[in-house]
Structures are given as structure tokens and as C-alpha cells.
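Chain by chain, the residues:
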There are 2 protein chains.
Amino acid sequence: MVFKVGLLGLGTVGTGTAKILLDPEGRHPLLQSIEICKVGVKSLSKSRQVSLPPDCLTTDLEAIVSDPAIDVVVELIGGLEPARSLILKAIKQGKHIVTANKAVISRYGDQIFTAANQAGVYVMLEAAVGGGIPVIQPLKQGLGVNRIQAVTGIVNGTTNYILTRMQNEGGDFEPILAEAQRLGYAEADPAADVDGFDAADKIAILASLAFGGRIKRDEVYCEGIRQVSAADISYADKLGFVIKLLAIAKRPYPNQPGLQVRVHPTLVPKAHPLASVNSVYNAILVEGEPIGQVMFFGPGAGAGPTASAVVSDIINIAATLTSAATQPVANPLLACSHQHYSPIIPNAELFSRLYLRLLVKDQPKVIGRLGNCFGDHGVSLESVVQIGMQDKIAELVVITHEVQEGAFQAALDEIRGFPEIQDIPSLLRVL
Amino acid sequence: MVFKVGLLGLGTVGTGTAKILLDPEGRHPLLQSIEICKVGVKSLSKSRQVSLPPDCLTTDLEAIVSDPAIDVVVELIGGLEPARSLILKAIKQGKHIVTANKAVISRYGDQIFTAANQAGVYVMLEAAVGGGIPVIQPLKQGLGVNRIQAVTGIVNGTTNYILTRMQNEGGDFEPILAEAQRLGYAEADPAADVDGFDAADKIAILASLAFGGRIKRDEVYCEGIRQVSAADISYADKLGFVIKLLAIAKRPYPNQPGLQVRVHPTLVPKAHPLASVNSVYNAILVEGEPIGQVMFFGPGAGAGPTASAVVSDIINIAATLTSAATQPVANPLLACSHQHYSPIIPNAELFSRLYLRLLVKDQPKVIGRLGNCFGDHGVSLESVVQIGMQDKIAELVVITHEVQEGAFQAALDEIRGFPEIQDIPSLLRVL
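What you see is a predicted model; the values in this text were computed from it and never measured. (Residues numbered from 1 in each chain as written. Chains lettered and ligands numbered in written order. Predicted model: local features only at pLDDT ≥ 70, side-chain atom pairs only at ≥ 80, totals over all residues. Heavy atoms only, no water.)

Colleague: Looking at this model, I keep getting lost on the overall build of chain A. Mind explaining?
Modeller: Within chain A, the secondary structure is distributed over 13 helices and 17 strands. Computed over its C-alpha atoms, the radius of gyration of chain A comes to 24 Å, within 12% of the 22 Å expected for a compact globule of 431 residues. Along the first, second and third principal axes, the C-alpha set of chain A runs to 80 × 50 × 35 Å. Evaluated residue by residue, chain A yields a buried proportion of 58% over its 431 residues. Long-range contacts, defined as pairs at least 24 residues apart, comprise 73% of the intrachain contacts of chain A with a sequence gap of at least 6. Per element, the accessible surface of chain A, about 16500 Å² overall, is 51% carbon and sulfur. Of the charged side chains in chain A, 36 are positive and 42 negative; the average position of the first set lies 2 Å away from that of the second. (Helix = DSSP H or I, 4+ residues; strand = E, 2+ residues; numbered from the N terminus. Rg over C-alpha atoms; globule rule 2.2 N^0.38 Å. Buried < 20%, exposed > 50% of the residue type's maximum accessible area, 1.4 Å probe, protein only. Contact = heavy atoms within 4.5 Å. Areas by Shrake-Rupley, 256 points an atom, 1.4 Å probe, with all protein chains shown as cover. Lys, Arg positive; Asp, Glu negative; His and termini not counted. Charge placed at Lys NZ, Arg CZ, Asp CG, Glu CD.)

Colleague: Even after reading the chapter, I still don't get the interface of chain B and chain A, so can you show me in this structure?
Modeller: Tallying the contact residues gives 53 residues for chain B and 53 residues for chain A. Carbon and sulfur atoms supply 59% of the area buried between chain B and chain A, which totals about 4300 Å² over both sides. If you sort the residues of chain B by the area they bury against chain A, B:Val145, B:Arg147 and B:Ser323 come out on top, with a joint share of 15%. Seen at the junction of chain B and chain A, the total is four salt bridges. Remark: the boundary between chain B and chain A carries 18 residue pairs in polar contact (both at pLDDT 80 or more). Within the residue set of the side of chain B that touches chain A, elements represented by two or more residues are helix H5 (136-140), strand S11 (281-289), strand S12 (292-299) and helix H11 (303-322) of chain B. Per-element tally for the side of chain B that touches chain A: the top contributor is H11(B), with 10 residues. Counted by class, the side of chain B that touches chain A contains 28 nonpolar, 19 polar and six charged residues. Sheet topology note: the strand S12 (residues 292-299) of chain A/S12(B) ladder contains three bridges and is antiparallel. (Buried area = accessible area lost by both parts, 1.4 Å probe. Salt bridge = Lys/Arg side-chain N within 4 Å of Asp/Glu carboxyl O. Polar contact = N/O pair within 3.5 Å; in protein donor to acceptor, adjacent residues only side chain to side chain. Nonpolar A, V, L, I, M, F, W, Y, C, P; charged D, E, K, R; others polar. Pairing = 2+ DSSP bridges.)

Colleague: How should I be thinking about the relation of the copies chain B and chain A in this particular structure?
Modeller: Relating one copy of the chain to the other requires a rotation about an axis plus a shift along that axis. Screw-axis analysis of chain B against chain A gives a translation of 0.0 Å along the axis, an RMSD of 0.0 Å, and a rotation angle of 180 degrees. The two molecules are tied by a two-fold rotation axis, judged by turn and shift. (Least-squares fit on C-alpha atoms with pLDDT ≥ 70 in both.)

Colleague: For this particular structure, what's the right way to read empty space enclosed by the protein?
Modeller: A water-sized probe, rolled over the atoms, reveals where empty space remains. In total, this model carries five cavities of 30 Å³ or more according to the counting rule given. A volume near 60 Å³ is recorded for the largest cavity. Along its surface, the largest cavity is lined by 13 residues, and A:Gln141, A:Asn316, A:Asn331, B:Gln141 and B:Asn316 are the ones closest to its centre. Secondary-structure elements contributing two or more residues to the lining of the largest cavity are helix H11 (303-322) of chain A together with H11 of chain B. (1 Å grid on protein atoms, 1.4 Å probe; cavity = no way out; pocket = protein on both sides within 12 Å on 5 of 7 lines; lining within 4 Å. Points joined across faces, edges and corners; volume = space filled by probe spheres on them.)

Colleague: I keep staring at helix H9 (residues 197-211) of chain A and nothing clicks. Help me out?
Modeller: Residues and elements named next belong to chain A. Counted at 1.5 Å a residue, the expected span for H9 with its 15 residues is 21 Å, and the 21 Å between its end C-alpha atoms agrees. Judged by how many residues are buried, H9 sits mostly within the fold: 13 of 15 residues are covered. Where H9 ends, the next residue or the one after it, Gly-212, has phi of about 60 degrees, a positive value. (Expected span 1.5 Å × (residues − 1).)

Colleague: Just to check I follow, could you spell out the sheet that holds strand S3 (residues 57-58) of chain A for this structure?
Modeller: Two strands in a sheet stick together by hydrogen bonds in their backbones, pointing the same way (parallel) or opposite ways (antiparallel). Residues and elements named next belong to chain A. Strand order in the open sheet formed by six strands is S3-S2-S1-S4-S5-S6, and the pairing between neighbours is parallel. Each edge of the open sheet is held by one strand with a lone partner, namely S3 and strand S6 (123-124). Bridging between strand S5 (residues 96-99) and S6 involves two bridges; their strand directions are parallel. Bridging from a neighbouring strand, Ile-97 pairs with Val-123 of S6.

Colleague: I would appreciate a short explanation of the packing of helix H6 (residues 157-169) of chain B against helix H7 (residues 173-183) of chain B in the present structure.
Modeller: Two measures define how a pair of helices packs: the angle their axes make with one another and the distance between the axes. All names here are of chain B. Packing of H6 against H7 leaves a shortest axis separation of 10 Å and a crossing angle of 125 degrees. Looking at the two axes, H6 sits oblique to H7. Like other packed secondary-structure pairs, H6 and H7 cross with a definite hand, here right-handed. Only Phe-173, Ile-176, Leu-177, Glu-179, Ala-180 and Leu-183 of H7 make contact with H6, whose side of the interface consists of Tyr-161, Ile-162, Arg-165, Met-166 and Glu-169. (Axes fitted to C-alpha atoms, helices over the stretch in contact; angles between N-to-C directions. Parallel < 35°, antiparallel > 145°, perpendicular 65-115°, else oblique. Left-handed = near helix turned anticlockwise from the far one by under 90°.)

Colleague: Got a minute to help me understand the UniProt feature "active site" (unreviewed entry) in chain A in this structure?
Modeller: Residue and element names in this part refer to chain A. UniProt's entry tags Lys-202 with the feature "active site" (unreviewed entry), counted in the numbering of this structure. Position of Lys-202 among the secondary structure elements: in helix H9. Once residues within four sequence positions are removed from consideration, Lys-202 is found in contact with Lys-102, Ala-128, Val-129 and Val-155. (UniProt positions renumbered as here; feature names shortened; annotations may be inferred.)

Colleague: I'm lost on the side chain of A:Asp67 in this one. Help?
Modeller: Residues and elements named next belong to chain A. Note that Asp-67 resides in the loop between helix H2 (61-65) and strand S4 (72-75). It is Lys-38 that comes nearest to the buried, bridge-free Asp-67 among opposite-charge side chains, at 5.7 Å. Those residues within four positions of Asp-67 in sequence are excluded, and the remaining contacts are Lys-38 and Lys-95.

Colleague: Looking at this model, I keep getting lost on the packing of helix H3 (residues 83-92) of chain A against helix H4 (residues 102-119) of chain A. Mind explaining?
Modeller: Residue and element names in this part refer to chain A. In contact at an axis separation of 9 Å, H3 and H4 are set at 10 degrees when each is read in the N-to-C sense. Here H3 lies roughly parallel to H4, going by the angle between them. On H4, the residues touching Arg-84, Ile-87, Leu-88 and Ile-91 of H3 are Val-104, Tyr-108, Gln-111, Ile-112, Ala-115, Ala-116 and Ala-119. Broken down by class, the residue content of the contact of H3 with H4 amounts to nine nonpolar, one polar and one charged.

Colleague: Hey, could you run me through helix H1 (residues 12-22) of chain B in this one?
Modeller: Note on helix geometry: an α-helix contains 3.6 residues per turn, so any two residues three or four positions apart are oriented the same way. Listing the buried residues of H1(B) in full gives B:Gly14, B:Thr15, B:Gly16, B:Thr17, B:Ala18, B:Ile20 and B:Leu21. If you follow the buried residues of H1(B), they end up packed against strand S1 (3-8), strand S2 (34-40) and H11 of chain B.

Colleague: Looking at this model, I keep getting lost on the packing of aromatic side chains. Mind explaining?
Modeller: In the structure shown here, the tally under the stated rule is seven aromatic pairs over all chains. Between A:Phe296 and B:Phe296, the aromatic rings sit 5.9 Å apart at their centres with planes inclined by 85 degrees, giving edge-to-face as the arrangement. Here B:Phe296 lies in strand S12 and A:Phe296 lies in strand S12, a pairing that spans two chains. Pair check on accessibility: A:Phe296 and B:Phe296 agree, each one buried. (Phe/Tyr/Trp six-rings, centres within 6.5 Å; stacked < 30°, edge-to-face > 60°.)

Colleague: For this particular structure, what's the right way to read the sheet that holds S2(B)?
Modeller: Residues and elements named next belong to chain B. One open sheet holds the six strands; their spatial order is S3-S2-S1-S4-S5-S6, and the pairing between them is parallel. Only two strands of the sheet have a single partner each, and these edge strands are strand S3 (57-58) and strand S6 (123-124). With four bridges joining them, S1 and strand S4 (residues 72-75) adopt parallel strand pairing. Residue pairing in the sheet places Leu-7 in a bridge with Val-74 of S4. Of the strands in this sheet, S1, S4, strand S5 (96-99) and S6 are in contact with helix H3 (residues 83-92), which crosses S5 at around 155 degrees.

Colleague: I tried to follow the pattern of salt bridges on my own but got confused; where do I start?
Modeller: Two side chains that carry opposite charge are able to pair once their charged atoms sit near each other. Inspection of the entire model under this criterion finds 46 salt bridges over all chains. Across the pair A:Glu179 and A:Arg182 runs a salt bridge, and its minimum N-O distance is 3.9 Å. Residue A:Glu179 and its partner A:Arg182 are both found in helix H7 (residues 173-183); the two are separated by three residues, about one turn of the helix. Since its relative accessible area comes to 29%, A:Glu179 is described here as partly exposed. The exposure class assigned to A:Arg182 is exposed, which follows from its relative accessible area of 64%. Each of the salt bridges in this network shares a partner with another, and the network as a whole consists of A:Asp23, A:Arg27, B:Arg147 and B:Glu289.

Okay, structure coming up:
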């Protein structure tokens, strides 16, 4: 049995994917039965790092998704359109889909999986989260027998690289971003990474798999790392924390349907397994009952790792089809089984530990006034520490116990009106 | 479709497995179709932590493996016999097997997988290595598209607990072992753990999956942690290392069939991802092309985590059977596809960095004489450091470059005969 693959896109990941498929020696024997049939590209004249069979390249992507010879369409063009339309057309033509496209899955997963269930095809997306790290498949299969309590990830390599350098060098965000861009670790337009949108796409996907319900992407709260300063990193360090951009999906109340799904810079205790995940590496920590904690660590991006995930999905489909009935019944561990939406709990109702940095005029009783105001709103404080004093302006760091964010915000709104308050440069969450 | 499970053994892991299966709410929906049919135990009168259906318990294990109603036999009695015979009988009766038994798989995997291939059934063993950590399935599926270069694991929680405490407290092996036994982290007979046999079983299994060839268990070199002293841990620490019991499977020469498969205490650089895996936690680092490094981290033992792995195997079989043809063709990602043995390279031919601690009489030129002797055997040294001096006996630590172990041993044999040598208390490998 030979499985014919149509590749949409021959950029970094597409080239990496073709390289594995064209060089199967020493890899899983099933690769011998996978054949690249067509590759859709923008330009036929561009020189390529892989030598593909003649007549394989085409600029007609529509022709690939409707080619009757093709069994599996691998979408690696990225972005929302034409990726979404091509995937939907391919599904209607009975093709199985492999994609690395977190944006299209997190936003149009409902359309795509509904269409796939109707057509009886698989949509596989191991490469969409964590690059080469096998995390989608373990969540769908091995870990699925647990009641998942939380999935917490460092899922964006660019921001982790920037935060790691800020941590190691004591530098500020802007110059390190500029150098990351120069070195190719950050895009010319860094918004998707540094504003947390990429991580939000990924945690929406992970939450959906871990908790068995669809997630509305625009309900995922998302805060990037632009506001994280060298001062905060240094204070956090003294308090025993590192600052990481965490993507968190959590069921805060056992046996209740509401989820917390959000992305924000977070103070992580140094002994926590995610604290030592540095540079461009990604890691995903899964907590469940009865398994406890398991963590998956590895390269979150790059041609080779991402291609490894793409090709593992291709052989997964091929293996399932090899053993499948002629009138196929979907393998329930590969197919998407849930169709309802999970309710997302608003931030104001969630309980968090919070870190607040304030600049206050050095007047007597200011700490007492802050404490009273928080207390009036039921916000319990763990510590208030004066870090420094310059020109009669004192710098305070407040850390709360686990408090309801809505109550904290109400207190903060009141505090902002105090005449003693000069500025509130930072508000971060603590893991 | 309902899948009927026969459980052999209702100890810690068996009880954990039954608990998950009897309480499917909030877990993968496929669990609803799994039913515990029979449970084989030693004693019917023992009180149990799970309430099983009446008439479910039996002391007749043979009857379970030949019961025509049962689809999947879950072997959790451990040890070699009667586990091996029961598994083989169950396979002959067309049952699929799930086992957590690393000893029987590493020693009798050839018989078991040959029988399973003939009978067209699956033998699943996620729980045999790394407890709850999904590592078998990723190696068989997601990572299989890579050319695996090395699998390096901390796969024994007892020894990692002891070494972590020795590291943190500066204590010696014997008293910490005794306390680990008192606390239940080590068995009354600790040999399987502290002499490395358990880790050797596990690395034999991992090597077999990673490199696609069977491994003869008695060819796995195995050295435990009894000889690791507080002094070595302290010197290693000063040199930037921690000492871990590593299980290593490696293809030292690309594109050549020979493998290195061994277990030994190892100096691990502090920045290495495995260095911070402490206490009873396990971790497995997989290196391959093109993926680079991925690491799996989690609880390596315990009722809940191990049961999670057992049940994930059960639903994996159920999912595959759900979508399978009536005349089943094995799913090549679940089945065992290799039947040849991988050649294991003898230690003497392998290249390693080595750490040697010697007590020598304080005579002039002793370091020179050592250096000359190593040099004569082509053993290149990285450093020779005098650590201490007591009663005219100097303590030296030698670290070599990557050298052939046979040449090193030849030099060491000669050095043992030097009149200046008082004792050679430690020889360890460096990662």
C-alpha cells in the first residue's frame, strides 16, 4: 500500500518534511510507503534545497487538494487564508489533513473538525504546538485516561529566548528584541510572538485536547512580554522567581465545566520544572489524576523538529489506514470526538497570586493605606517590601495571596486615585 | 463495542488500574467501553481498596488467559514466572496483552513478540519504562521518523532518590539506602534497583524500540551505584557535575549497526537537562535527526502514574480494534516490526570520557609516571588534579578526554602494579 502526499508549501518546514520523506533509510519502515506526489509552491523558478521528482512542483494549490491520486494533504503555508479554504476543500475531497498551522486550527478548528467528521477523514496537528515535541498525541492518547487538571506551557521560543537573555544579562526588552531580530530569533514584525498571540493559539489547541471541548480563540486572555522590565526580573530573582511567558489551561474547580485559558508573563518559582526551560526551548507540563505531573521538553520550532512532527502525523494516518476496515470507522484516538464549546471563566472570577510594583511618594502611612484598601476589597497580602528610594519616591513590591482578580482590580482602581501614587509600572501573576 | 479486560494481579498497579477503569467519568470517552471481566489474585480473602463486581475475583489465572470472553489480558503480577507463561498462553488464545513487566519483556521479548506476530495480537508496554511518562508510544510513533542517535535516561527512581540525597546532604550510600528502605523508597532487597538491573531491563526495551532491533538482555553492561561515594559526589560537584545513574543506548557510529547499551553511574554536566532531574523523578532524553533533543519527564513509578500508562495502552488497543478491519491487519505503529537482534558493541571498543580517583604515595614524579603510562596506551588526559593529602597519601582525580575504554583499562591494569598506588577507589564515566 502506497500513501500519496500532496504538500502545500515548500518553505522551511515544507523543505524539512520533504527531506525526511525523500530519505527514509534508517527511519521507521512505514516511511517507505509514503510518496510525495505534488508540492504546491508560489514560484516554480526558485532554487530549492531538495531535489523533488520532475513535474512534482506546481503553483496550482487548488489542483492538489482535488487531485484524486492524493491521500493526505499536508498544509504548511501557514496563515488563515488560503490555508483554511484549501484544508476545507481537501477534506470535502476525502483527503486526510496534516497541518502545522496553529492560527487556522485555533480559529477555524470548529469548521475544520466538523467537516472532517462528516467526511470521515483525520486532521492531524502535532506540529502546531511545541515543534518537534510529541505533545498532541500524548494528550489525545496516552494521557487521555487521566482527568486533566492543568496544562502549563512555555510554547513560544522567541519570547522565551528574549526573557532568558533579559534574565541572564539584566537587559531591557527593547534592545534584546532588536538583537533577537538581527539574529533571526524574532520576526521583523514581532507582534505574534511578543504580544502572546502565537502562544494563545497554541494553548487554545492544547486546552481543547486536554479538556475535550472546543475553545473560542477570542475568549483566550492574552498578555505579552513588552511590559516586562529588567527591574521586575531582578526583583523576581531576589524573591526566588524567574519570569516566563506561560500559556495556562486549567480547570480551576474540579468537576465543573469552566476553564481558565490564558497567556501572561508569570513569576515562576525557581524550583519549578518550567523555571529551567531556557532560550528557544519549549516545554509543556501536564497535570492530571492519577498521573501527577509529566513534562515534555524540546525544540519548539525549526525546520527539522517541526518536520519530524509533520511526518509522524503522516505515518500515524498511514498506519491507521493500513489496519483499517474497507468501510472505515474512525480511530477514536486520532479523530476529534468533542463538538461542544468549553466555557471560559472570565479573569475577574479567577483566583491568582499577583505581583505589583508601585512608585509612591514617601509619605507616612502609605503602606498602611494600601493594605487597608486591599483589605477592604478582601484582597489578602503576602508581602509588601520597599525595594528602593530615589528623590523621595519609594519603590514598593506587593505580593498577594491567592485572591480573586476582580476584587484585586477593584482595589487597584481605587489605589490609582490615591495622591501618593506616582506610577504602577508592573502587574504580573505568580505561578 | 465493549472490550473485556482480564487483569492478572491486584497489587499497587493493579488496584490503580482498576480504579481508573471503574471510574471513567471525566476521562477519555473510550473508557466507557472497557469492562473489567476477571481479576486474578493470590488470595480471595484479602481486603481490597476497590469494589469490583461480584464473581470477578479468581485465583485461577490460567482460566483468565483462556477465557473466550476476554479481549485484553493485563499482566501486572511482575517477575519472570508465571508471568511469561501466562502471557504466552494468552497470546495463543488470541488475547491482546498489556504489561508493566520490564523484566519479562527485556528477557523474553523475542518469544513474546514472535508469538504475538503469529497470533495477530498487540503487546503493549508503556508502563514498563518511566511509569506514567509517555515514552514507549512516542518512540514507536512520533519519534520513529527520526534517525535516533541516542536514548539516555534516568529510569530508576530509587537510585535517583538515593543519589539526590547523597548530593544534597553529602552523605554516603549505605546510611541513605537504609533510610530510603525505611521510608519505602527502596525495597528490603535493593539489588534490582541499586545494582542497576531494573534500569538495564528498561534501557534494553528502549534501545529495542529506538533502534528497531531486539536486544539480548545479558549483553547490556550494568554497573550500579554501591561504589559511588560522598567523596566522588563532592569532587564531581566542584568540577561542575552531578552523578546520576544513567541508562544509555546509543548508535556510536552513524549508519553502522553496532549499539552501545549500558547502565552506569555517570558524571553529568550541571547544565545538561538530565542533571536537574531529582529525587524519584525519571526522565528520558531522546536525540535524533532531524529532531535534535526532546526530553520526557515525570513520575517513574507509583500506582497512579503506572496505572495511567497501563490504561492508555488498553484504550490504544481498543481504539485500533474499533477502526480495524474484520480480518485484522496489524497497525504497524502498535505492532512490533523488527525481529533481528542488534549487535551490541563491547565496552572495550567504546569511547568514553572517564573519571578516576586514586590514592598514591606522595613520591616525586608519580603524576608524570601516570601520564606517561596513559600516553603509552594512547589515552589522552584532560586533567590530573591533586585533591588532598593525608598521612603522605595524595588523592588524585584524573579526567580523560574521549578515549577507548579498552586502552584505558590496559593502562589501568599497568598502573595498578605501580608501587606508588595505594588504592583506586573510583572509576566513573563522564557524559
